[in-house]
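Structure at a glance
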Amino acid sequence: MIDLGRLLIVLGLAVAALGVVLVVFGRVPGLGRLPGDLYVQRGNWAFYFPLGTSIVLSVVLTLVLWLIGRR
């Protein structure tokens, strides 16, 4: 049961850290409006897909996790 408790604590901290990152990145100018992000607006309907932002975040997270895993 101790291992399960530790796992839940780590998962909770990870979710909290993700929330902080989302709040901080929500205020970074330009993030979410990169070239490659798709935005279509027609009348009352709008569609937004952050393709360019997703690719940039994927590359950054891949490098960070690769560096952490090298230990």
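Source: prediction; values computed, not measured. (Residues numbered from 1 in each chain as written. Predicted model: local features only at pLDDT ≥ 70, side-chain atom pairs only at ≥ 80, totals over all residues. Heavy atoms only, no water.)

Take the confidence of the model for the protein next. Within the protein, residue pLDDT values average 87, and 96% of them lie at 70 or more. At the low end of the mean pLDDT range in the protein sits helix 1 (residues 2-25), at 87; at the high end sits strand 2 (residues 45-49), at 93. (pLDDT = per-residue confidence, 0-100. Helix = DSSP H or I, 4+ residues; strand = E, 2+ residues; numbered from the N terminus.)

What follows covers the layout of surface pockets. Reported here for the largest pocket is a volume of approximately 230 Å³. Around the largest pocket, the lining residues are A14, L18, V21, L22, F25, L57, V60, L61 and V64. At the level of elements, helix 1 and helix 2 (51-69) are the ones that each hand at least two residues to the lining of the largest pocket. Among the elements that make up the lining of the largest pocket, the one with the highest residue count is helix 1 (five residues). Of the residues assigned to the lining of the largest pocket, the class counts are nine nonpolar, no polar and no charged. (1 Å grid on protein atoms, 1.4 Å probe; cavity = no way out; pocket = protein on both sides within 12 Å on 5 of 7 lines; lining within 4 Å. Points joined across faces, edges and corners; volume = space filled by probe spheres on them. Nonpolar A, V, L, I, M, F, W, Y, C, P; charged D, E, K, R; others polar.)

Okay, the pairing of strand 1 (residues 38-42) next. Sparse coverage of strand 1 is indicated by the burial of zero of its five residues. As consecutive antiparallel partners, strand 1 and strand 2 are separated by two residues, and within that stretch G43 has a phi angle of approximately 60°, a positive value. (Buried < 20%, exposed > 50% of the residue type's maximum accessible area, 1.4 Å probe, protein only. Pairing = 2+ DSSP bridges.)

Here we take up the pairing of strand 2. Pairing of strand 1 with strand 2 involves five bridges; the strand directions are antiparallel. Of the residues in strand 2, the one forming a bridge with L38 is F49.

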